[in-house]
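# Survey of secondary and tertiary structure
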Amino acid sequence: MHTSWNDVELRNRRILVTGVRGFVGRALARRLVGIGADVHGAARSVEGVPAGVQPVEVDLCDSGSVRRMVDAIDPEFVFHLAARVTARPEPDLVPDMLAHTLSAGVHLMSVLTGRPNLRRLVLVSSAEAACENEPPASPYAAAKRSLEQFAAMFRAAFELPVVTLRPTMVYGPGQPRDKLLPTIVDALRHGEPIRLGSPHRTCDMLHVDDLARALCAACRPGIDGRVYAIGSGETTPLGDAARRLAAHSGLAIDVGDDGPSGRRGERDLVVDIEPARRDLDWAPQWTLDAGLHSLATACESIDAPAAEPTRGAGPTRADRLRARILDLVSEYHGASFGESARAFQPGKSIVSVSGKKFDASEMRRLVDASLDFWLTAGRYAERFELDFARRMGVRHALLCNSGSSANLLAVTALTSELLGDRRLKPGDEVITAAAGFPTTVNPILQNRLVPVFVDVEMGTYNASAARVAEAIGPRTRAIILAHTLGNPFDLDGIRAIARKHDLFLIEDNCDAVGSTYRGRPTGSFGDLATASFYPAHHITMGEGGCVLTDNTKLKMAVESLRDWGRACWCAPGVDDTCGKRFQWQLGDMPRGYDHKYTYSHIGYNLKLTDMQAAVGVAQLEKLDLFTVARRANWRLLRNRLARHASSLILPIREDGSEPSWFGFPITVREDADYSRLELVQFLESRKIVTRLLFGGNLIRQPAYRDAVYRVAGPLANTDRIMRQTFWIGVHPGLREDMLGYVADSFDAFMAERARARRRAS
């Protein structure tokens with residue numbers, strides 16, 4: 001029995017397709033791009049690679065080039081379609097064709113062996129390779145049969161996760177003009193006679209879209225090492241197929257007959273597709289007449305300009321204008337945001353607590369996205385989600401309009417019926433810190449859940465594992481904690497508690513993008529995590545947020561909740577990704593009700609625009625540099641302010657962590673002879689911006705006066721934070737001279753207090 005699976009699970013996966021410029025490769029690439037996969041296409045030339053595919057120019061017969069390609073992509077799924085194919089090869093070309101086809105396949109299998117992230121290699125063979133006890137019908141069939149044998153060897157010796165598909169005669173729109181069926185249409189259009197070598201030969205003709213679906217279905221788990229025949233299940237003599245194609249073309253045909261045997265080696269092509277139906281949960285959807293009609297229609301307009309521009313075409317006037325506009329944007333950035341405009345003047349220039357840092361690349365991408373005038377989430381959003389998920393070490397990243405919305409989506413996803421008995425219900429408890437930002441807590445209340453507030457530790461400003469463990473009650477179902485000001489909380493301890501008590505864990509990572517714990521990015525530990533791209537945060541889109549998860553059910557819930565609550569997962573402007581838009585039966589809906597207007601959750605519209613995502617794509621490229629700058633700025637302040645530790649509690653990072661600090665928290669000790677207010681007012685008077693630690697003790701805020709919650713233990717430190725803690729900036733826009741001025745200002749304040757003490761004594 002196969003594992004339940006849907007090819008939508010290929011969304012956001014890193015996928016390599018060899019032979020991507022071929023007929024089948026293009027059809028597969030279109031489907032994968034529509035699903036939302038991260039598709040890389042390998043070909044000898046990148047000209048003509050389908051839109052949405054990241055092209056890789058490579059010679060598959062060069063083992064070194066293949067290894068470099070695979071190292072760079074690190075694919076999770078590989079589809080090997082590449083082969084040297086000639087309809088009627090000259091005898092002296094056959095050895096060369098065989099050598100190229102075999103060497104490409106063997107090099108690829110060798111390089112893929114032992115890759116920990118590789119989930120499946122799908123090898124495309126041929127139904128003609130199935131007759132092992134008979135001579136191959138063609139050199140192509142002989143090459144495919146040999147590749148199957150090599151695949152079996154690699155599977156047996158190295159456990160290569162390979163599945164082989166043997167398609168029958170593939171046809172459909174976009175088929176090369178030199179293939180049989182398009183040749184028939186061309187001949188008919190020009191009044192030329194049709195001569196079929198074997199018009200009585202029985203064929204199973206497979207529509208290319210059905211093969212693309214089968215290839216995706218072959219990625220399901222639990223079928224490694226198997227070989228499946230893929231066909232339409234509908235057989236017909238070749239001559240009959242030609243007559244039916246002629247009828248759909250509106251033309252008459254007289255099929256000639258060169259004899260019953262045709263070319264040497266040709267045989268009836270009839271396959272058993274029941275194993276594929278059973279194991280892959282796949283069935284052909286195209287009838288032969290429907291498929292022939294689609295081919296005839298395509299052939300009628302084959303000389304018309306392509307709707308999809310191919311790579312390598314010359315630039316249009318619009319392309320040239322766009323390039324000029326973007327060059328002017330770079331020039332404008334230099335004139336408006338140059339270094340001279342940002343010269344620092346101590347006491348006059350503001351030392352901000354946070355701020356965006358950008359250059360011309362952000363502005364160029366912003367304008368580039370605007371010129372598309374797509375407005376909602378589009379190509380830049382898709383790219384960011386892929387890049388950010390990979391950067392954060394998770395499978396799924398789902399963009400939304402803010403970090404607060406991300407928290408709302410993450411908590412609400414835990415109430416989804418997709419989770420079955422584990423779903424949170426009204427009255428269930430969620431443990432969280434009392435000291436923090438309101439929108440970490442608000443989604444708990446908005447979902448009629450009960451927040452359980454715990455205290456935090458001074459210095460780290462995070463809740464400890466011990467406090468969380470003590471807070472667990474009979475209705476506790478989840479934990480949501482923020483990495484305070486970028487300082488990771490005790491992920492080892494908190495995760496162990498979550499596993500022990502079967503609790504969901506949400507990391508509010510909005511202030512900690514770029515932080516690591518035990519060498520791994522924060523945001524990759526919980527069942528869900530969130531990020532914010534507000535201008536104050538580690539990277540910015542202006543507004544924007546993201547939900548991260550490795551759990552496919554949670555990803556589906558978040559996506560639905562973000563997109564009006566709909567059951568459909570098609571991207572904006574895309575239809576029928578699932579391939580059965582009008583075939584669903586859900587709830588009390590009529591069978592076949594449009595899946596795009598079927599709703600499985602009470603959701604929202606929390607998407608962002610592609611212009612925002614375009615800025616994020618440029619910002620993400622700088623994240624490592626930003627993180628280095630934040631850490632360096634934090635160290636500078638930590639070293640300079642250490643001399644004042646007798647009256648100030650300075651920040652402490654959690655063991656095992658490398659924070660990408662959002663800010664530099666400071667607590668005025670209770671025995672100091674000055675107050676937080678006095679220190680903050682002094683700094684602000686010198687143009688040094690300060691912030692309090694968000695809402696302090698949230699249960700003391702007016703908004704929560706009538707809220708239903710539980711408090712686990714005293715909140716002494718949280719109250720102390722509310723009275724005596726503040727923070728200052730360490731963002732990448734601050735330079736050493738600015739931070740030196742900040743440290744000098746602390747020195748000046750302490751010197752003034754010392755003089756006041758001497759005068760008083």
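We now turn to the structure provided with this report. All values derive from a computational prediction rather than experimental measurement.

### Quick look at the overall build of the protein chain
Along its length, the protein chain carries 22 helices and 27 strands. Among the 761 residues that make up the protein chain, the fraction classed as buried is 53%. Counting contacts in the protein chain only where the partners sit at least 6 residues apart, residues at least 24 apart contribute 76% of the total. As displayed, the protein chain offers around 33300 Å² of accessible surface, 52% of which is attributable to carbon and sulfur atoms.

### Considering the environment of leucine 280
Topologically, leucine 280 is positioned in helix H8 (residues 274-280). Residue classification places leucine 280 among the buried positions, given a relative accessible area of 0%. For the pair leucine 280 and leucine 215, spaced 65 residues apart in sequence, the C-alpha to C-alpha distance is 9.6 Å.

### Observations concerning the nonpolar core
Leu32, Phe79, Leu165 and Ile230 are the most contacted members of the largest nonpolar core, which has 40 residues in total. Excluding its chain neighbours within four sequence positions, the residues that come into contact with isoleucine 230 are Leu165, Arg166, Pro167, Thr168, Leu206, Leu211, Ala214, Ile273, Ala276, Leu280 and Trp282. Within the second largest apolar cluster, 33 residues are counted, among which are Ile431, Tyr461, Ala465 and Ile479.

### Side note on the pattern of salt bridges
Once their charged atoms are close, side chains differing in charge can pair, the charge on each being opposite to the other. Applying the stated rule across the entire model yields 44 salt bridges. Its salt-bridge partner being aspartate 224, residue arginine 120 comes within 2.6 Å of it at the nearest N-O pair. Here the residue arginine 120 occupies a position in strand E5 (residues 120-124), and aspartate 224 occupies one in the loop between helix H6 (208-217) and strand E10 (227-230), the gap between them amounting to 104 residues. Of the charged contacts, one joins arginine 383 and glutamate 621 as a salt bridge, the two residues approaching to 3.6 Å between their closest N and O atoms. Of this pair, arginine 383 sits in helix H12 (residues 379-392) while glutamate 621 is found in the loop between helix H18 (610-620) and helix H19 (623-641), placing the two residues 238 residues apart along the sequence. On the basis of relative accessible area, arginine 383 is assigned to the partly exposed category, the value being 37%. Glutamate 621 gets classed as partly exposed once you look at its relative accessible area, which sits at 48%. Residues joined by salt bridges that share partners form a network here, namely Arg13, Arg14, Asp74, Glu76 and Arg119.

### Looking at unusual backbone geometry
Unlike most non-glycine residues, leucine 485 shows phi in positive territory, near 50 degrees. Tracing the chain through its elements places leucine 485 in the loop between strand E16 (476-482) and helix H16 (491-500). Its relative accessible area of 0% is what places leucine 485 among the buried residues. Residues other than glycine seldom take positive phi values, yet aspartate 502 does so here, at roughly 55 degrees. As for its position among the elements, aspartate 502 is in the loop between H16 and strand E17 (504-508).

### Comments concerning the state of the cysteines
Enumeration over the complete set of coordinates arrives at zero disulfides. In this structure cysteine 510 is a free cysteine whose sulfur lies 8.6 Å from that of cysteine 400, the closest cysteine sulfur available. Judged by relative accessible area, which is 8%, cysteine 510 ranks as buried.

### Re a nonpolar patch on the surface
On the surface, Trp564, Tyr593, Tyr597 and Tyr599 cluster together into a nonpolar patch covering about 490 Å² of accessible area. Secondary-structure assignment places tyrosine 599 in the loop between helix H17 (552-562) and H18.

### Description of the sheet that holds strand E2 (residues 38-43)
The seven strands are arranged E3-E2-E1-E4-E5-E6-E10 in an open sheet whose pairing can be described as parallel. The open sheet has two edge strands with one neighbour each: strand E3 (54-57) and E10. Ignoring which end each strand starts from, the neighbouring axes of this sheet average 20 degrees apart. Pairing between E5 and strand E6 (residues 162-167): four bridges, direction parallel. Residue pairing in the sheet places valine 122 in a bridge with valine 163 of E6. Along the sheet, helix H1 (residues 23-35) contacts strand E1 (14-18), E2 and strand E4 (77-80); its crossing angle with E1, the most-contacted strand, is approximately 170 degrees.

### Topic: the packing of H1 against H6
For the pair H1 and H6, interaxial distance at closest approach is 9 Å and the crossing angle is 60 degrees. Considering the angle they form, H1 stands oblique to H6. Between H1 and H6 the crossing geometry is right-handed. Across the interface between the two elements, Phe23, Val24, Ala27, Leu28, Arg31, Leu32 and Ile35 from H1 touch Val208, Leu211, Ala212, Arg213, Leu215 and Cys216 from H6. Its residues placed into classes, the contact of H1 with H6 shows eleven nonpolar, no polar and two charged.

### A look at helix H11 (residues 360-372)
Over its 13 residues, H11 extends 19 Å from the first C-alpha to the last, a length consistent with the 18 Å expected when each residue adds 1.5 Å. Within H11 the residues assigned to the buried category are Ala360, Glu362, Met363, Arg365, Asp368 and Ala369. Residues of H11 that are buried make contact with helix H10 (317-336), H12 and H18.

Calculation criteria
Numbering of residues starts from 1 in each chain and follows the order in which that chain's sequence is written. Totals for whole chains, interfaces and linings use all residues, but because this is a predicted model, local features are given only for residues with pLDDT of at least 70 and pairs of side-chain atoms are given and counted only at 80 or more. Excluded from the side-chain calculation are hydrogens and water; included are all heavy atoms of the structure. Strands are runs of DSSP state E lasting at least 2 residues, helices are runs of H or I lasting at least 4, and numbering of each runs from the N terminus. Here's how the labels work: a residue is buried when its accessible area is under 20% of the maximum for its type, exposed when over 50%, partly exposed in between, all with a 1.4 Å probe on protein chains only. Whether two residues are in contact is decided by their heavy atoms: any pair within 4.5 Å suffices. Method for areas: the Shrake-Rupley scheme with a 1.4 Å probe, in which residue coverage is limited to the protein chains shown. The term nonpolar core refers to a set of buried residues drawn from Ala, Val, Leu, Ile, Met, Phe, Trp, Tyr and Cys, joined through side-chain atoms within 4.5 Å. Salt bridge, as used here: a side-chain nitrogen of Lys or Arg that lies within 4 Å of a carboxyl oxygen of Asp or Glu. Working definition: a disulfide is two cysteine sulfur atoms within 2.5 Å of each other. Patch definition: residues above 30% relative accessible area lacking any salt bridge, with like charges linked at up to 9 Å and the nonpolar side chains Val, Leu, Ile, Met, Phe, Trp and Tyr linked at up to 5 Å. A pair of strands is labelled paired if DSSP reports no fewer than 2 bridges between them. Angles here are taken between N-to-C directions and fall from 0 to 180 degrees, while the axes themselves are lines fitted to C-alpha atoms, restricted in helices to the stretch in contact. Angle categories: roughly parallel below 35 degrees, roughly antiparallel above 145, roughly perpendicular from 65 to 115, and oblique for all the rest. For a crossing to be left-handed, the near helix must be turned anticlockwise from the far one by less than a right angle; the clockwise case is right-handed. Residues are grouped as follows: Ala, Val, Leu, Ile, Met, Phe, Trp, Tyr, Cys and Pro are nonpolar; Asp, Glu, Lys and Arg are charged; all remaining types, including Gly, are polar. Here a helix's expected span is defined as the number of its residues, less one, multiplied by 1.5 Å.

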